[in-house]
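In case you want the letters, here they are:
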Amino acid sequence: MADIGFHFDTTYTGLPEAFFTRVGPVSVPAPEMVLFNGPLAEQLGLDASQSSQAALAAIFAGNQLPDGADPLAMAYAGHQFGHFTMLGDGRAVLLGEHLAPDGSRHDIQLKGSGRTPYSRGGDGRAVLGPMLREYIISEALHGLGIPSTRSLAVVKTGERVAREAPLPGAILTRVAGSHIRVGTFEYAAAKRDPALLQALLDYTAERHYPSWQDAHDNKAVAVLTQAMDRQADLIVHWLRVGFIHGVMNTDNMTLSGESIDFGPCAFMDAYDPATVFSSIDQQGRYAYGNQPWIAQWNLARLAECLLPLMASDVDAAVAIAEPLLKGFPALYHGKWLAMMRAKLGLFGEQADDEQLVTDLLEWMHANQADFTNTFRELSQENRPDGERYQQDDFSAWYTRWQARLAQNSKPLKSSLCLMRNSNPAVIPRNHKVEEALAAAEGGDVTRVEDLLRALENPYKETGRDAAYRSPPAAGERVHQTFCGT
Ligand code: AMP
Ligand code: MG
């Protein structure tokens, strides 16, 4: 029996049956390991050292169920680009909830594992490029200190999957705090059965907000309040590193506060708040600078679902939820400004801080300055010496910034340290991701591995990582990313 030390203790099956369907992965013809995340496995208390590559591939392809797995597909719904749809795991199954040695609980999910009752017209499969992309981006976010689902393994299935062209099939093993989404609440609300909503709220509070009573004595209000806080934190992290999720549909927003579902996501090179990469986002709904307002929109959908649990009559519930939601911009803005202060090494609070921040951003926008490298260059001891920095408008800003730094209660060394820990040197630049994926699709995964290594310590500059720090040359620029999932 295949056993690498999974310790399953699945609680999701304790929810009413409407929330899931027991269904296993569909076997694949020729599983082959592509990537395995050793450090994550170790953290989870898994031991792959006694297993052959073939045995591991069989597990992570879903051909061999590990002991204790009780696979299921979850039901959920979601607003996709503003439109409500009933969804569900159409190409994923949860093997179970694994307990790590430290007691933490993790969903172990196979993504691309075959059809389920929620597949609608889909084939239930995933292809190699997008699964490797999810692996790279999720691990990059984790390395950057940003809450994210993790990636434990990618296997090739040995099958061709029909997309625009036939592409190599693959399965990603996703590790998540849970897979409860805003869309899971929307699903429960759409069923119009208050018992379902109550069960989901109870479950979510216990799993993710065990100290919910700190926020409010009403559980629904408490969970909404804390979910808003986590989402504000998450979006501020994304903005800090120039990340654009690309598909912030409500089914792609977790109650755990982790980033999830990386389709046409990308990191911005030159600063422009209107940046959109996704080929399916023609309107710019999910552009870089829109993300806080989309988070708020999604949270409003969550609030609507929770209304019946907030008070016995609707008007009373709305009277609670509305002011809460209206508080989101201020909540977000406070966190954003604190984050930007850190990026500029500012301690304490001065009245002009926000102006200092927005003036720099405007200068960067006007000059198409690289978001990551500009902040990193400002994090060095000396004034950066590139041509752009010789401009008078930059000099004027720089003088103001230096004056503000002089007002800090801490020495310059502390500012530089704060800045270097807030401003990454290495991000998964899109042209590098695409380059690595193209090599992997051609059978050479070493470029993906090399990129992943550079992303493990993104706040440290090393000689080896220099190639990952350059913005794309004109011919290398990637303007669009495709779901192609
Ligand atoms: P995603 O774009 O991955 O967030 O998926 C949105 C919805 O479409 C989810 O319900 C997925 O399960 C479903 N889906 C995506 N791709 C497929 C596929 N190839 N087969 C079946 N369902 C899919
Ligand atoms: Mg999704």
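Residues numbered from 1 in each chain as written. Chains lettered and ligands numbered in written order. Predicted model: local features only at pLDDT ≥ 70, side-chain atom pairs only at ≥ 80, totals over all residues. Heavy atoms only, no water.

J.: Provide a residue-level description of the coordination of the magnesium ion (ligand 2), including the pertinent values.
T.: Only Asn-252 (OD1) and Asp-261 (OD) from the protein coordinate the magnesium ion (ligand 2), and they sit 1.9 to 2.2 Å from it. Assigned by exposure class, Asn-252 and Asp-261 land together as buried. (Donors = N, O, S within 2.8 Å, 3.2 Å for Na, K, Ca; no water. Buried < 20%, exposed > 50% of the residue type's maximum accessible area, 1.4 Å probe, protein only.)

J.: Which residues make up the packing of helix H5 (residues 194–208) against helix H7 (residues 291–310), and what values do they have?
T.: When two helices pack together, their arrangement is captured by the angle between the axes and the distance separating the axes. H7 packs onto H5 with a crossing angle of 100 degrees between their chain directions and a minimal axis gap of 10 Å. Judged by the inter-axis angle, H5 sits roughly perpendicular to H7. Contacts from Leu-197, Gln-198 and Leu-201 in H5 reach Cys-305, Leu-306, Pro-308 and Leu-309 in H7. Broken down by class, the residue content of the contact of H5 with H7 amounts to six nonpolar, one polar and no charged. (Axes fitted to C-alpha atoms, helices over the stretch in contact; angles between N-to-C directions. Helix = DSSP H or I, 4+ residues; strand = E, 2+ residues; numbered from the N terminus. Parallel < 35°, antiparallel > 145°, perpendicular 65-115°, else oblique. Contact = heavy atoms within 4.5 Å. Nonpolar A, V, L, I, M, F, W, Y, C, P; charged D, E, K, R; others polar.)

J.: Before we move on, could you go through the site of ligand 1 and cite the residues and values that matter?
T.: Residues in contact with ligand 1 amount to 17 residues; listed here are only the nearest, Gly-88, Gly-90, Asp-123, Gly-124 and Asp-261. The separation between an oxygen atom of ligand 1 and a polar main-chain atom of Gly-88 is 2.6 Å. Within the side chain of Asp-261, a nitrogen or oxygen atom sits 3.0 Å from an oxygen atom of ligand 1. Protein contact buries 81% of the 480 Å² of open area that ligand 1 shows by itself. Each residue belonging to the shell around ligand 1 can be placed in one class, and the counts come to two nonpolar, seven polar and eight charged. Of the residues that make up the shell around ligand 1, three or more belong to each of domain 1 (12–176) and domain 2 (180–425 + 469–485). (Near = heavy atom within 4 Å. Polar contact = N/O pair within 3.5 Å; in protein donor to acceptor, adjacent residues only side chain to side chain. Areas by Shrake-Rupley, 256 points an atom, 1.4 Å probe, with all protein chains shown as cover. Domains from an automatic or database assignment.)

J.: Could you give me a rundown of the pattern of salt bridges, with the residues and numbers involved?
T.: In total, this model carries 28 salt bridges according to the counting rule given. We note a salt bridge from Arg-22 to Asp-70, for which the minimum N-O separation is 3.0 Å. Here Asp-70 lies in the loop between helix H2 (53–60) and strand S3 (72–74) and Arg-22 lies in strand S1 (residues 20–22), a separation of 48 residues in the sequence. Take Arg-22: its relative accessible area is 48%, and that puts it in the partly exposed class. (Salt bridge = Lys/Arg side-chain N within 4 Å of Asp/Glu carboxyl O.)

J.: Describe the domain arrangement of the protein chain, with residues and values.
T.: Taken domain by domain, the protein chain holds domain 1 (12–176), domain 2 (180–425 + 469–485) and domain 3 (430–468). Look at where the C-alpha atoms of domain 2 and domain 3 centre, and you get two points 25 Å apart. Across the boundary between the two partners, domain 2 contributes 18 residues, which contact twelve residues of domain 3. Summed over both sides, the interface between domain 2 and domain 3 buries roughly 1,200 Å², with carbon and sulfur atoms accounting for 43% of that surface. Across the contact surface, domain 2 and domain 3 share one salt bridge. For the pair domain 2 and domain 3, the interface holds seven residue pairs in polar contact (both at pLDDT 80 or more). At three residues, helix H13 (residues 412–422) tops the list of elements feeding residues into the side of domain 2 that touches domain 3. Taken together, the residues of the side of domain 2 that touches domain 3 sort by class into seven nonpolar, six polar and five charged. (Buried area = accessible area lost by both parts, 1.4 Å probe.)

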